[in-house]
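Observations on chain architecture
This is what each chain is made of:
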Amino acid sequence: MTTMAWLCVGLIVFPVSFLAWSFLSVDRRGFAAVRSNLGRGIRLIDSGVPGAVSAGLTDSRPAVPLGIRVTPKGYVAWLDKLLARAGRPAQLPLPRLLIAKPALALLVAVLGIMLISKDVTPSASLFVALAAVLAYFVPDILVHGRGAERQKAIQLELPNTLDQMLISVEAGLGFESAMASAGQNGKGPLAFELMRTLQDMQVGRSRREAYEALATRTDVPDLRAFVRAVVQADIYGIAIAKVLRTQAKQMRIKRRQRAEEKAMKLPVKVLFPLMFTILPVLFIVIIGPAAINVMKNFAGVF
């Protein structure tokens, strides 16, 4: 096939695949059930019926999406944990991710079969199969990378955020008010997670459960240690300002230690580029003219 033919095939296959993915990944029954429950609750509250919200929200349940039904539960739980660590991006919810993975693998397999259709060999078939398997796990790799970057950002922002909360608490604010101030004035994933924790407590979740959910979602060791200290201080009645001061000091020390560790690793990382790229060029520039003169001298002798 010519280049123009492959271009036409791509212009047809990719839009059709995207439209099919968008159509299959939308949980229309779930959205309809949510709208029905919300509307029923509002109507019952307006009519003065007691217990309207609880009754309206438990009458119907959204249907389980197809991707979740056909995927093993352990794998679904692992993907859900990865998405939580990545901040649950709105453009890639769990049902859409479970549909995108086999769709991408199928698309790569079809394109690979079309490429090797004229000359089918065992090695080419194996390459297509490996490419399809790799395409199936590409979304996992992307989500995992985004989650790792988000964890690093939270770990970097944590000492400064604790300092802000300490200043607010020492100024007379409560711990939740200090969290709200740090979340509203801050930027990045940590501020978002703090606001989400406050929202969990506003809808009726206990403090301990909200804090533990924060540590579980982010999966950052420093933040988990801070949450553990806050929970213990809440249980035993320890002054929260003292806990914040101690945790902020420890986080600053850990951040400095991580920076020193990266600085110590830098010479080892620079060694291999230096050996294979810079040193050969230097040898050519320095030793090259001398080697040319030696060759000329020996050529005159012989």
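Section: the overall build of the protein
- For the protein, the count of helices and strands is 12 helices and zero strands.
- In sequence order, the protein lays out its α and β elements as α-α-α-α-α-α-α-α-α-α-α-α.
- The burial tally for the protein puts 30% of its 302 residues in the buried class.
- Within the protein, residue pairs in contact and separated by at least 24 positions form 62% of the contacts whose partners lie at least 6 positions apart.

What to know about the nonpolar core
- Counting residues in each nonpolar core, the largest one holds 29 residues, and the members touching the most others are Leu162, Met165, Phe175, Tyr211, Leu223, Phe226 and Leu244.
- Breaking this core down by element, the ones donating at least two residues are helix H7 (122-170), helix H8 (175-185), helix H9 (189-202), helix H10 (207-218), helix H11 (221-236) and helix H12 (240-301).
- When residues in this core are grouped by element, the largest group, six residues, is from H7.
- With sequence-adjacent residues up to four places away left out, Leu223 is seen in contact with Ile154, Leu158, Leu190, Leu214 and Thr218.

As for H7
- The first and last C-alpha atoms of H7 sit 71 Å apart over 49 residues, in line with the 72 Å expected at 1.5 Å per residue.
- Along its length, H7 reaches its greatest deviation from straightness, about 40°, at Leu158, and the proline Pro159 lies no more than four positions downstream.
- Of the residues trailing H7, Gly172 is marked for its positive phi of about 115°.

Observations concerning the side chain of Thr71
- Counting through the fold element by element, Thr71 comes out in the loop between helix H4 (66-70) and helix H5 (73-85).
- Classification of Thr71 by relative accessible area gives buried; the value is 12%.
- Once you skip the residues sitting within four places of it in the chain, Thr71 turns out to touch Val76 and Leu98.

Some words on the pattern of salt bridges
- Within the structure shown, the criterion is met by 16 salt bridges.
- A salt bridge links Arg88 to Asp80; its shortest N-O distance comes to 2.9 Å.
- Overall, the relative accessible area of 27% leaves Asp80 in the partly exposed class.
- Three or more residues joined by partner-sharing salt bridges are found here, namely Arg150, Glu193, Asp200, Arg205 and Arg217.

Concerning unusual backbone geometry
- In this structure, Arg88 takes a positive phi of about 50° despite not being glycine.
- Of note, Arg88 is situated in the loop between H5 and helix H6 (94-115).
- Here Arg88 falls in the partly exposed class, since its relative accessible area comes to 36%.
- Positive phi, normally seen in glycine, also occurs at Asp219, with a value near 60°.
- In this fold, Asp219 is placed in the loop between H10 and H11.
- Classification of Asp219 by relative accessible area gives partly exposed; the value is 23%.

A look at the packing of H9 against H10
- H10 packs onto H9 with a crossing angle of 145° between their chain directions and a minimal axis gap of 9 Å. Regarding H9 and H10, the two cross each other, and that crossing is right-handed. Residues Glu193, Leu194, Arg196, Thr197, Asp200 and Met201 of H9 touch H10, and the partners they reach there are Arg207, Ala210, Tyr211, Leu214, Arg217 and Thr218.
- Here the contact of H9 with H10 is composed, by residue class, of five nonpolar, two polar and five charged.

Quick notes on the side chain of Asp200
- Mapped onto the elements of the fold, Asp200 is located in helix H9.
- Take Asp200: its relative accessible area is 15%, and that puts it in the buried class.
- Aside from chain neighbours lying at most four places away, what touches Asp200 is Arg205, Ala210 and Arg217.

Considering the environment of Lys152
- With respect to the helices, strands and loops of the structure, Lys152 is situated in helix H7.
- Given the relative accessible area of 60%, Lys152 is considered exposed.

Digging into the packing of aromatic side chains
- Scanning the entire structure with this criterion turns up four aromatic pairs.
- Summarising the aromatic geometry, the rings of Tyr136 and Phe137 are spaced 5.2 Å apart at their centres and angled 90° between planes, so their arrangement reads as edge-to-face.
- Look at Tyr136 and you get partly exposed, because its relative accessible area is 26%.
- Chaining the aromatic ring pairs together yields one cluster made of Phe175, Tyr211 and Phe226.

Brief notes about a nonpolar patch on the surface
- A contiguous nonpolar patch, built from Leu266, Val270, Leu274, Ile278, Val281, Leu282, Phe283, Val285, Ile286 and Ile287 and spanning about 920 Å² of accessible area, is present on the exposed surface.
- Within the secondary structure layout, Ile278 lies in helix H12.

Concerning the environment of Met179
- Mapped onto the fold, Met179 is located in helix H8.
- Along the chain, Met179 and Val169 lie 10 residues apart, while their C-alpha atoms are 9.5 Å from each other.

Definitions and cut-offs
- Residues numbered from 1 in each chain as written.
- Predicted model: local features only at pLDDT ≥ 70, side-chain atom pairs only at ≥ 80, totals over all residues.
- Heavy atoms only, no water.
- Helix = DSSP H or I, 4+ residues; strand = E, 2+ residues; numbered from the N terminus.
- Buried < 20%, exposed > 50% of the residue type's maximum accessible area, 1.4 Å probe, protein only.
- Contact = heavy atoms within 4.5 Å.
- Core = buried A, V, L, I, M, F, W, Y, C linked by side-chain atoms within 4.5 Å.
- Expected span 1.5 Å × (residues − 1).
- Bend = angle between axes of the 7 residues up to and from the residue.
- Salt bridge = Lys/Arg side-chain N within 4 Å of Asp/Glu carboxyl O.
- Axes fitted to C-alpha atoms, helices over the stretch in contact; angles between N-to-C directions.
- Left-handed = near helix turned anticlockwise from the far one by under 90°.
- Nonpolar A, V, L, I, M, F, W, Y, C, P; charged D, E, K, R; others polar.
- Phe/Tyr/Trp six-rings, centres within 6.5 Å; stacked < 30°, edge-to-face > 60°.
- Patch = residues over 30% accessible without salt bridge, like charges linked within 9 Å, V, L, I, M, F, W, Y side chains within 5 Å.
- Areas by Shrake-Rupley, 256 points an atom, 1.4 Å probe, with all protein chains shown as cover.

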